[in-house]
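# Commentary on secondary and tertiary structure
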Amino acid sequence: MKISVWDTYVAREDGKNMHFDILVPATMEDKDSIFKYGREFLSTKPFKTAELSSKECKFCHMEQAANTIADIINKEGYYIIEMENCE
């Protein structure tokens, strides 16, 4: 499965910046849905963050997804890779 990677940086209430990638099917072009996935992810965190918008979340590149990630994207619609300060 070919996927789009959306590079996302969101400020936390403690001053740290979260960095995570939102992975979606390459055919998905609806930015509102992609941002919604990011907001869903942020809502699972025990700390508050700034709002997520096109300023914090930008298309980065396309790549081939590993089978395990493709399976999750097929089931959930997206996949999140936590990079920095997500805990």
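This report concerns the structure included in the present document. Quantities reported herein were computed from a predicted structural model and do not represent experimental measurements.

### Considerations on the nonpolar core
Formed by 18 residues in total, the largest nonpolar core has its most connected members in Phe 20, Ile 22 and Val 24. Among the secondary structure elements, those contributing two or more residues to this core are β1 (2-11), β2 (17-25) and α1 (31-43). Per element, the largest residue contribution to this core is five residues, and it comes from α1. Residue contacts for Ile 22: discarding those within four places in its chain leaves Ser 4, Val 5, Trp 6, Thr 8, Ile 34, Tyr 37, Gly 38, Cys 57, Tyr 79 and Ile 80. In this structure, Ile 3, Leu 23, Ala 70 and Ile 73 belong to the second largest nonpolar core, which totals seven residues.

### Re the pattern of salt bridges
It is possible for side chains of opposite charge to pair when their charged atoms get near one another. The final tally for this structure, using the stated rule, is five salt bridges. For the salt bridge of Arg 12 with Asp 14, the shortest nitrogen-to-oxygen distance reads 2.5 Å. Classification of Arg 12 as buried rests on a relative accessible area of 10%. Here Lys 45 and Glu 87 are joined by a salt bridge, their closest N and O atoms 3.7 Å apart. With a gap of 42 residues between them, Lys 45 in the loop between α1 and β3 (57-64) and Glu 87 in the segment after β4 (79-84) connect regions that are remote in the sequence. Residue Lys 45 is classed as buried on the basis of its relative accessible area, which comes to 14%. Given the relative accessible area of 69%, Glu 87 is considered exposed. Through salt bridges with shared partners, one network takes in Lys 45, Glu 82 and Glu 87.

### Observations regarding the side chain of Ser 4
You can see Ser 4 is positioned in strand β1. With residues near it in sequence (within four places) discarded, Ser 4 still touches Ile 22, Leu 23, Val 24, Pro 25, Ala 26, Phe 59, His 61 and Met 62.

### Considerations on the side chain of Glu 56
The residue Glu 56 is located in the loop between α1 and β3 in this model. The buried charged residue Glu 56 lacks any salt bridge partner; its closest oppositely charged side chain belongs to Lys 55, at an N-O distance of 5.1 Å. A polar contact is formed between the side chain of Glu 56 and the backbone nitrogen of Ser 53, at a distance of 2.6 Å.

### Examining the sheet that holds β3
Spatially, four strands are ordered β3-β1-β2-β4 in an open sheet, and the strand pairing comes out antiparallel. If you trace the sheet from one side to the other, it starts and ends with β3 and β4, each paired once. Pairwise comparison of adjacent strand axes, ignoring direction, gives a mean angle of 25° for this sheet. Inspection of the sheet shows β1 paired to β2 by nine bridges, in the antiparallel sense. Paired with Tyr 9 across the bridge in β2 is His 19. Of the strands in this sheet, β1, β2, β3 and β4 touch α1, which is tilted by about 130° from β2.

How each quantity is defined
The numbering scheme is per chain: residues are counted from 1 as the chain's sequence reads. Note on the predicted model: pLDDT of at least 70 is required for a residue's local features to be given, and 80 or more for side-chain atom pairs to be given and counted; whole-chain, interface and lining totals, by contrast, use all residues. The side-chain quantities take in all heavy atoms of the structure and omit both hydrogens and water. We call a set of buried Ala, Val, Leu, Ile, Met, Phe, Trp, Tyr and Cys residues a nonpolar core when their side-chain atoms join them within 4.5 Å. Accessible area is worked out with a 1.4 Å probe on protein chains only. A residue is then buried under 20% of its type maximum, exposed over 50%, and partly exposed in between. Helix and strand assignments come from DSSP, with helices taken as H or I runs of at least 4 residues and strands as E runs of at least 2, each series counted from the N terminus. Whether two residues are in contact is decided by their heavy atoms, any of which lying within 4.5 Å being enough. When a carboxyl oxygen of Asp or Glu is within 4 Å of a side-chain nitrogen of Lys or Arg, the pair counts as a salt bridge. In this tally, Asp and Glu contribute negative charge and Lys and Arg positive charge; neither His nor the terminal groups of the chain are included. Two N or O atoms form a polar contact when they lie within 3.5 Å of each other; inside protein one atom must be a possible hydrogen donor and the other a possible acceptor, and for residues adjacent in sequence the pair counts only when both atoms belong to side chains. Strands qualify as paired when DSSP identifies two bridges or more between them. Axis geometry follows a simple rule: fit a line to the C-alpha atoms, using only the stretch in contact for helices, then measure angles between N-to-C directions, giving values from 0 to 180 degrees.

Function cannot be read off these values alone, since they describe shape.
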